[in-house]
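Fold and contact review
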Amino acid sequence: MSIIKRISNRLIDILLSIWEFIKKLWRHPKGRVGLIMVLFLAFLAVFAPLIAPYDPYDVTQRAAKGLSPSWNHLLGTTITTGQDIFSMLIYGTRVSLLVGLVTGIAIAFLGAILGIIAGYVGGLADNTIMRIVDVMLVIPTLPLTIVITNLFGKSYFIIVLIFVVFGWTGLARVVRSLVLVLKNSNYVKASELAGGSRWHIMTKHILPGVSHLLIMNTALTCAGIMVAEAGLSFLGLGDPTAISWGKMLADAQSGGALLFGHWWWIMAPGIGIFIAVFSFMRIGLVMEEILNPRMKASSGIYKLFKTLNNTYIQEVFAKMDEGNEDLPKGEAL
Amino acid sequence: MQRSFVIKRILYAIFIFFVVLTLNFFIPRLGVNDPAERYYPPQGNMSEIEYEIIKQVTREQYGFDVSTFKQYTNYVSGLLRFDLGNSFKADNPKVSDLIAERLPWTLVLSVSNLVISLSIGLIFGTVAAWKRGRWQDSLLLNLSTISVALPAFFIALILSFYFGFELELFPAYTNPNMVSQFDWSLDAIKVVFYNAALPIISMSIGGIIGYSQRTRNSVIAVTNEEFVLTARAKGLSQNKVLFKHTLRNAMLPIVTAVGMSLSGLIGGAVIIEQIFNWNGMGTLFLEANNTNDYPLMMGIMLFMSTIAILANLIVELTYSLLDPRITVGEKR
């Protein structure tokens, strides 16, 4: 079998398991709400030009500056250029979803590959990957992003790249510690004894064992990345020509929305961010509930905090939860 | 705690520091052959000869006229003397002086944020854990879902709109005289906290909920332990069980969380500082970015990374002090 065919077979496996998850999610009442919300946002993003009543890039409406909400302009117009805020809000979905999804999926791939290699192959590979993780963790991400956009120009491509380069570390650590457990399980040992190759064991036995973690993590990462993207766009680090919710907030602040009391100009993008992040989080939490029925919704949040916050704490928590002696940080320098 | 463990950890921290330092040295040199081109990008109306002269001057001024390796050793030896280079600002002030000047103002925000989040979070979390499953608990649960989805800078904008512009209770922008007229008198300190109120509140809403959630989970985890059951079975009072047996053991993860948040004390508020025009490290960094002030930017980055490394080290050492199993695991 050629390597391409092998990889494509695995990809089909992954897609099938994602489809299984979506079906399970649909059967769960809370999950269905999250799924519908995400599909709705995706619909808005794809058909934005058809839905939006005005052209949000049209900055020449001098007569229509700073209008209050009315039936003509559902959320009014901007004070500075007279753009229709409702249309901007719909177009803003595109950047948020695209950056969130692309980053989330890329992180899942990178984190899975590196985490599985570190955990299963061990030795030098493990050491190298974990040392890189340690360095990544101490570099401040936001300042680095600012420097990199300063060096190479402002675009969402660079932002996604930085998110991916710095985002895989947390997932890789979690995957690694799970792989260390799986490695000692009987079915993996049996496969080793039967002469299974490393590739076979990693993709056929280890990957399915961590896939639920990956899918859940992707949903939660998407949520976290969308907040981070809004922050960067707010600072003006995104593509200056694109319309995004973070940039709308920055425009509102600099354009005098606060001064003139145009609260709808601030609330609209803020609520957009909230809905998008909330629906992805909902999906992630429900997935966790489905995967681990013992776990109540409450501990789902606790897990979420472990995902969003520092990874070292995660490990300490994980160790405390499981009584697992294999605390990755404490072992071999 | 074993001495070898401590030494190993310290050496490792130094190793990480050197990796970060090297990255820091090379980042402004990415994508150009001559760092002078970064420091002085070509202007539109400049002839080639003029630009060559300018580049030559820039090279001499910033020590780029020697080999890259020599530049690197110069950089490292400068750092050993706490010399982070000079900023591009008027009169080329030292980067370390600029950092020292802005650091206290950022700490005003971040330390008050930490104190408020931690103290209120501990109380809320303990209450929620004690009233597990009742309305206090489910309220916290719902709040924590909401707070993750509401970015701090959006909260800051709303607060600044409502309390700053509508009610005019607190200043929506920091008074620039606050810094220049600060003289440690009680009035000056009052002015500082009056100006800092909105930034601190907007930062600490997420922090309070985060620490509450952590405390709640940690307390619940400890409540399920057998020694708490024993304490109850011995007939100790509710208060004694809670304060003497449960809370004390539940503090371990909280201590770690606080330790890890130390690194965020310095760079954690860039956006909030920008919204309220607060005179801290975050705005200093954004200023440096707007003027392409690379020595200042990289100096701040290195400073932040160093703090993060130190915080990691402190957490590891304290944790092994609190929980001896970690150093034992090291021996394997």
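All residue numbers refer to position in the chain's written sequence, counted from 1. For this description, chains carry letters from A and ligands carry numbers from 1, given in the order in which they are written. It should be noted that, the model being predicted, local features are given only for residues of pLDDT at least 70 and side-chain atom pairs only at 80 or more, the latter also being counted only at that level, while totals for whole chains, interfaces and linings use all residues.

A word on the overall build of chain A
Of regular secondary structure, chain A possesses 14 helices and 0 strands. Listing each helix as α and each strand as β along chain A from the N terminus yields α-α-α-α-α-α-α-α-α-α-α-α-α-α. Three classes are used. A residue is buried when 20 or more other C-beta atoms lie within 10 Å of its own, exposed when 12 or fewer do, and partly exposed in between, with C-beta atoms placed from the backbone. Evaluated residue by residue, chain A yields a buried proportion of 47% over its 333 residues. Pairs at least 24 residues apart make up 72% of the contacts formed inside chain A by residues separated by at least 6 positions. Secondary structure elements follow DSSP: runs of H or I of four or more residues count as helices, runs of E of two or more count as strands, with numbering from the N terminus. Remark: residues whose backbone-derived C-beta atoms lie within 7 Å of one another are considered to be in contact.

Structural notes on the overall build of chain B
Looking only at helices and strands, chain B features 16 helices and 0 strands. Projected onto its principal axes, the C-alpha coordinates of chain B cover approximately 90 × 65 × 40 Å. Long-range contacts, defined as pairs at least 24 residues apart, comprise 71% of the intrachain contacts of chain B with a sequence gap of at least 6.

Observations regarding helix α7 (residues 152-166) of chain B
The terminal C-alpha atoms of α7 of chain B lie 20 Å apart, and with 15 residues this matches the ideal 21 Å at 1.5 Å per residue to within 8%. When we look at burial in α7 of chain B, the residues that qualify are Ala152, Phe153, Phe154, Ile155, Ala156, Leu157, Leu159, Ser160, Phe161 and Gly164 of chain B. Buried residues belonging to α7 of chain B abut α9 (198-234), α10 (245-254), α11 (257-260) and α12 (263-291) of chain A together with α9 (186-223) and α13 (270-276) of chain B. In this analysis, the expected span of each helix is defined as 1.5 Å times one less than the number of residues it contains.

Digging into the packing of helix α4 (residues 85-121) of chain A against helix α5 (residues 123-138) of chain A
All names here are of chain A. Between α4 and α5, the shortest axis-to-axis distance is 7 Å and the interhelical angle comes to 135°. Compared by their axis directions, α4 and α5 come out oblique. The hand of the α4/α5 crossing is left-handed. In this structure, α4 contributes Leu114, Ile117, Ala118 and Val121 to the contact, and α5 contributes Gly123, Ala125, Asp126, Ile129 and Met130. In this classification, the charged set is Asp, Glu, Lys and Arg, the nonpolar set is Ala, Val, Leu, Ile, Met, Phe, Trp, Tyr, Cys and Pro, and all remaining amino acids, among them Gly, are polar. Its residues assigned to classes, the contact of α4 with α5 shows 7 nonpolar, 1 polar and 1 charged. Axis definition: a line fitted to C-alpha atoms, over the contacting stretch in the case of helices. Angles run 0 to 180 degrees between N-to-C directions. Should an angle lie under 35 degrees it is considered roughly parallel, over 145 roughly antiparallel, and from 65 to 115 roughly perpendicular; all remaining angles are considered oblique. The hand of a helix crossing depends on one turn: near helix anticlockwise from the far one by less than a right angle means left-handed, and clockwise means right-handed.

Some points on unusual backbone geometry
All names here are of chain B. One non-glycine residue, Phe82, adopts positive backbone phi at about 55°. Relative to the elements of secondary structure, Phe82 occurs in the loop between α4 (68-80) and α5 (95-130). For Phe82, a count of 8 C-beta atoms within 10 Å translates into the label exposed.

Overview of the confidence of the model for chain B
One rule of thumb: low pLDDT means the predicted coordinates there are not for detailed reading. Per-residue pLDDT for chain B averages 82, and the proportion of residues at 70 or more is 96%. Interface confidence in the predicted complex, given as ipTM, is 0.83; pTM for the same model is 0.82. What pLDDT conveys is the predictor's confidence in a given residue, as a value from 0 to 100.

Details of the confidence of the model for chain A
Residues and elements named next belong to chain A. On average, chain A scores 80 in pLDDT, and the residues at 70 or more come to 86%. Overall, residues 294-314 carries pLDDT values under 50, and its contacts beyond four positions in sequence, including any with other chains, amount to 42 contacts. A low-confidence stretch, residues 323-333 stays under pLDDT 50, and its non-local contacts, those more than four residues away or across chains, total 22 contacts.

A look at the environment of Lys234 of chain B
Within the fold, Lys234 of chain B resides in the loop between α10 (226-233) and α11 (238-261). Linking Lys234 of chain B and Pro199 of chain B, residues 35 residues apart in sequence, is a C-alpha distance of 48 Å.

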